[in-house]
Amino acid sequence: MAIVDVVIIPVGTEGPSVSKYIAEIQMKLESFKQEGKIDYQLTPMNTLIEGDLKDLFEVVQAIHELPFNKGIDRVCTNLRIDDRRDKTRKMNDKLKSVQKHIDKQGE
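This text gives an overview of the structure that appears in the document.

About the criteria used
- Residues numbered from 1 in each chain as written.
- Predicted model: local features only at pLDDT ≥ 70, side-chain atom pairs only at ≥ 80, totals over all residues.
- Heavy atoms only, no water.
- Helix = DSSP H or I, 4+ residues; strand = E, 2+ residues; numbered from the N terminus.
- Buried < 20%, exposed > 50% of the residue type's maximum accessible area, 1.4 Å probe, protein only.
- Polar contact = N/O pair within 3.5 Å; in protein donor to acceptor, adjacent residues only side chain to side chain.
- Contact = heavy atoms within 4.5 Å.
- Salt bridge = Lys/Arg side-chain N within 4 Å of Asp/Glu carboxyl O.
- Pairing = 2+ DSSP bridges.
- Axes fitted to C-alpha atoms, helices over the stretch in contact; angles between N-to-C directions.
- Parallel < 35°, antiparallel > 145°, perpendicular 65-115°, else oblique.
- Left-handed = near helix turned anticlockwise from the far one by under 90°.
- Core = buried A, V, L, I, M, F, W, Y, C linked by side-chain atoms within 4.5 Å.

### Quick look at the side chain of E50
Thought 1: Structurally, the position occupied by E50 is in strand β3 (residues 47-51).
Thought 2: Given the relative accessible area of 3%, E50 is considered buried.
Thought 3: At a separation of 2.6 Å, a polar atom in the side chain of E50 contacts the main-chain amide nitrogen of M91.
Thought 4: Excluding residues that lie within four positions of it along the chain, E50 makes contacts with M1, A2, I3, K37, I38, D39, L56, K90 and M91.

Structure (structure tokens):
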């Protein structure tokens with residue numbers, strides 16, 4: 001199971017807000033989630049997507065294309081991949097691991 005940190009930046013929009021493009025991306029991600037391919041989490045600065053690496057590349061390509069489909073001529077996509085293969089972990093498992101260390105420090 002891998003986790004992808006992705007930021008899609010449509011360039012040349014009619015104004016500084018890109019939330020309508022991000023909303024469309026989130027709806028597309030939800031359709032992939034309903035298919036059982038991924039899980040995802042929107043944050044104020046990016047979107048985290050977890051799943052099989054092959055599926056993640058398919059998903060990233062699909063969401064990268066969405067602003068082009070709305071008439072945008074340039075899209076910049078930043079991608080970071082965390083692919084750990086010695087054990088299966090999900091996004092929440094990583095958060096729980098950090099919290100466990102915080103709790104120990106507080107004792």
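### Section: the pattern of salt bridges
Thought 1: For the coordinates displayed, the defined rule picks out nine salt bridges.
Thought 2: Here E24 makes a salt bridge to K70, at a shortest N to O gap of 3.9 Å. Within this pair, whereas E24 is found in helix α1 (residues 19-34), its partner K70 is found in the loop between α2 (53-69) and β4 (74-83), the two being separated by 46 residues in sequence.
Thought 3: On the basis of relative accessible area, K70 is assigned to the exposed category, the value being 53%.
Thought 4: Between R85 and D83 there is a salt bridge whose closest N-O contact spans 2.6 Å.
Thought 5: Under the relative-accessibility criterion, R85 is labelled exposed at 68%.
Thought 6: Note on D83: relative accessible area 29%, which makes it partly exposed.

### Some words on the pairing of strand β1 (residues 2-11)
Thought 1: Taking burial as the measure, the ten residues of β1 include seven buried ones, the bulk of the element.
Thought 2: Note that β1 and β3 share five bridges and pair antiparallel. Note that in β3 the partner of V4 across the bridge is I49.
Thought 3: Of the strand pairs in this sheet, β1 and β4 are connected by ten bridges, and their pairing is antiparallel. Counterpart to I9 in the pairing with β4 is C76.

### Describing the packing of α1 against α2
Thought 1: Following both chains from N to C, one finds α1 and α2 inclined at 150°, their axes separated by 10 Å at the closest point. The angle between α1 and α2 places the two elements in the roughly antiparallel class. Relative to α2, the crossing made by α1 is right-handed. The segment α1 lies against α2, with Y21, E24, I25, K28, L29 and F32 engaging E58, V59, A62, I63, L66 and P67.

### Structural notes on the nonpolar core
Thought 1: Among the nonpolar cores identified, the biggest contains 18 residues, and L29, I38, I49 and I63 are the most heavily contacted of them.
Thought 2: When residues of this core are traced back to their parent elements, those giving at least two are β1, α1, β2 (38-42) and α2.
Thought 3: Ranked by the residues each element gives to this core, the list is headed by α2, at five residues.
Thought 4: Beyond its immediate stretch of four places on either side in the chain, L29 contacts I38, Y40, T47, I49, V59 and I63.

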